[in-house]
Amino acid sequence: MRFSRFFSDMPVIVLLAFFSFALASCNKEEEEEVSDMMIGDLLYDVPLYVKIGSTVELTAYGLTEPDESLINYVWTSEYLLQDTVREKVCEITVPDSIGTFALILTASSPGFYDRVNSQNVTSIDPEFGKTVTDMPRPTDSIQDPRDGQWYYITTVGNLDWFVESLNWCDAGAAYSKADDLGEIMGRLYTWNDATGGVSASGLGGGPQGVCPPGWSIPTNEDWEDLALNLNDGQALPYDSNWEGLGEMVMVDARFNGDRMWPYTPDCTPENKFGWAAFPSGYCVNDYDYHSGLFSYGFWWSSTEYTGGKASYRYIYMENPDFMRNAAGKDDFGASVRCVRLKQ
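Described in the following lines is the structure provided in the data block. It should be emphasised that the depicted structure is a prediction, and the values quoted were computed from it without experimental measurement.

## Looking at the packing of aromatic side chains
With the rule as written, the count across this model stands at 28 aromatic pairs. Relative to F332, the ring of F298 lies with its centre 5.3 Å away and its plane at 75°, an arrangement referred to as edge-to-face. Of this pair, F298 sits in strand 19 (residues 296–304) while F332 sits in strand 22 (residues 332–333), and the two are 34 residues apart along the sequence. Residue class for F298 comes out buried when judged on its relative accessible area of 5%. Aromatic side chains W299 and F322 sit 5.9 Å apart centroid to centroid with 75° between the ring planes, which places their arrangement in the edge-to-face category. Taken together, the residues span a long stretch of sequence, with W299 in strand 19 and F322 in the loop between strand 20 (309–316) and strand 21 (323–328) at a distance of 23 residues.

## Some thoughts on the sheet that holds strand 11 (residues 150–156)
Strand pairing in a sheet relies on backbone hydrogen bonds. The paired strands run either parallel or antiparallel. With antiparallel pairing, the 4 strands of this open sheet are ordered in space as 10-11-12-23. Either end of the sheet is taken by a strand with one partner, and the two such strands are strand 10 (140–143) and strand 23 (339–341). Put simply, the sheet's adjacent strands are angled 35° from each other on average, direction ignored. Looking at chain direction, strand 10 and strand 11 are connected through 4 bridges and run antiparallel. Paired with S141 across the two strands is Y152, which belongs to strand 11. Running over the sheet, helix 5 (residues 220–230) touches strand 11, strand 12 (159–162) and strand 23 and is turned about 95° from strand 12.

## Remarks on the sheet that holds strand 21
In spatial order, the strands read 19-20-21; together these 3 strands make up an open sheet with antiparallel pairing. Looking at strand neighbours, the two that pair on one side only are strand 19 and strand 21, the edges of this open sheet. Direction aside, neighbouring strands of the sheet carry axes that sit 35° apart on average. Two elements, strand 20 and strand 21, share 6 bridges in a ladder whose sense is antiparallel. Paired with Y314 across the two strands is M323, which belongs to strand 21.

## Details of a negative patch on the surface
Negative charge collects at one region of the surface, where D193, D286, D330 and D331 lie side by side. Structurally, D331 can be placed in the loop between strand 21 and strand 22.

## Some points on the pattern of salt bridges
Taken as a whole and judged by the stated rule, the model has 12 salt bridges. Across the pair E183 and K51 runs a salt bridge whose closest N-O atoms are separated by 3.0 Å. Here E183 is found in helix 3 (residues 179–185), whereas its partner K51 is found in strand 2 (residues 49–51), with 132 residues between them in sequence. R259 is the partner of D252 in a salt bridge, and the nearest nitrogen-oxygen pair spans 2.9 Å. Classification of R259 as partly exposed rests on a relative accessible area of 35%.

Parameters at a glance
All residue numbers here refer to positions counted from 1 along the written sequence of the relevant chain. Per-residue local features of the predicted model are confined to residues with pLDDT of at least 70, and side-chain atom pairs are confined, for both listing and counting, to 80 or more; whole-chain, interface and lining totals are unaffected and use all residues. The side-chain values count all of the structure's non-hydrogen atoms but skip hydrogen atoms and water molecules. Pairing of aromatic rings covers Phe, Tyr and Trp, the last counted by its six-membered ring, and requires centre-to-centre distances within 6.5 Å; plane angles under 30 degrees mean stacked, over 60 mean edge-to-face, and any other angle means tilted. Helix and strand definitions here come from DSSP, where helices need a minimum of 4 consecutive H or I residues and strands a minimum of 2 consecutive E residues; each element is numbered from the N-terminal end. For every residue, the accessible area obtained with a 1.4 Å probe (protein chains only) is divided by the maximum for its type, and the residue is called buried under 20%, exposed over 50%, and partly exposed between those limits. Strand pairing is assigned whenever DSSP detects at least two bridges linking the two strands. Every angle, taken between N-to-C directions, lies between 0 and 180 degrees, and every axis is a line fitted to C-alpha atoms, over only the stretch in contact when it is a helix. By the convention used here, residues are in contact when the closest approach between their heavy atoms is within 4.5 Å. What makes a patch is a set of residues exposed beyond 30% relative accessible area and free of salt bridges, joined within 9 Å when like-charged and within 5 Å when nonpolar (Val, Leu, Ile, Met, Phe, Trp, Tyr). Residue-level accessible areas treat just the shown protein chains as cover; the underlying method is Shrake-Rupley with a 1.4 Å probe. Within this document, salt bridges are pairs made up of a side-chain nitrogen of Lys or Arg and a carboxyl oxygen of Asp or Glu, the two lying within 4 Å of each other. Counting rule applied: Lys, Arg positive; Asp, Glu negative; His and chain ends not counted. In this description, the location of a charge corresponds to atom NZ of lysine, CZ of arginine, CG of aspartate or CD of glutamate.

Honestly, that's just the spatial picture; any functional story needs more than this.
This is the structure in structure tokens:
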């Protein structure tokens, strides 16, 4: 029987009922295909910066509905994975070349919309002249007997200064908790962690704190000695704004090929005395929140400030000055440059 003859022989009311039923069935199927939203955030913790050739294990977490046994996890990356990984836990291997690589995690489950989390991983090489380029190599260095790390040093006025920010790993945290980055940028420390809670004054009279034996956290007088030499023998009090001295210590280097301090017409990095100021950023909230990388550099003074606070000097990428501010002793994380009386 032809369909046209079949429909033509049916009463109109029956025909309408037939199509209404068919339409309702289609709508029901479409409703059944509509997915629900997964509850929670699809997360995985991956360091922003990792040494070339390193292997890192990552675990997906954060979704609370549907039940985890019903969630399928898929990891994909053109450069960090040889094949697609379909597990909750994934192991990535960073290439032996410097660069930034994308990693994508997708979570799916029947009846739910997919969730996607894409993050970048940047590979770095801490060896001098690899990730950091266009920076003159210092000639003098010392070894920290506690962990064997080497630090370049320079002499300015009456003091020897670290050319690098301290990377003592028994305290503080690396920026964004990317420990490999600490080998280049140093770690960030609260004032109490940096100094052991000890305030001091006088040239070369700071507490050892987190510094190697024979070295100390710079006092206000140590900073003033640096300013005196940067300022052509003109003394500047610690509590003043050191106009034009910030650009004198900024280093015109590159990080993985990009300017470490972004270009601005207001600043001309000079790296005077080889002090080599890096824009290492800062942290707050018990080392949980990090910001300011490649924009700011902060360094502690061990001389206590008023009101239970501690002071630091800092540089901002668009300002040529070497400014001063203060923060809570346990609230703010800044870099540490160790000093000693000139040897």
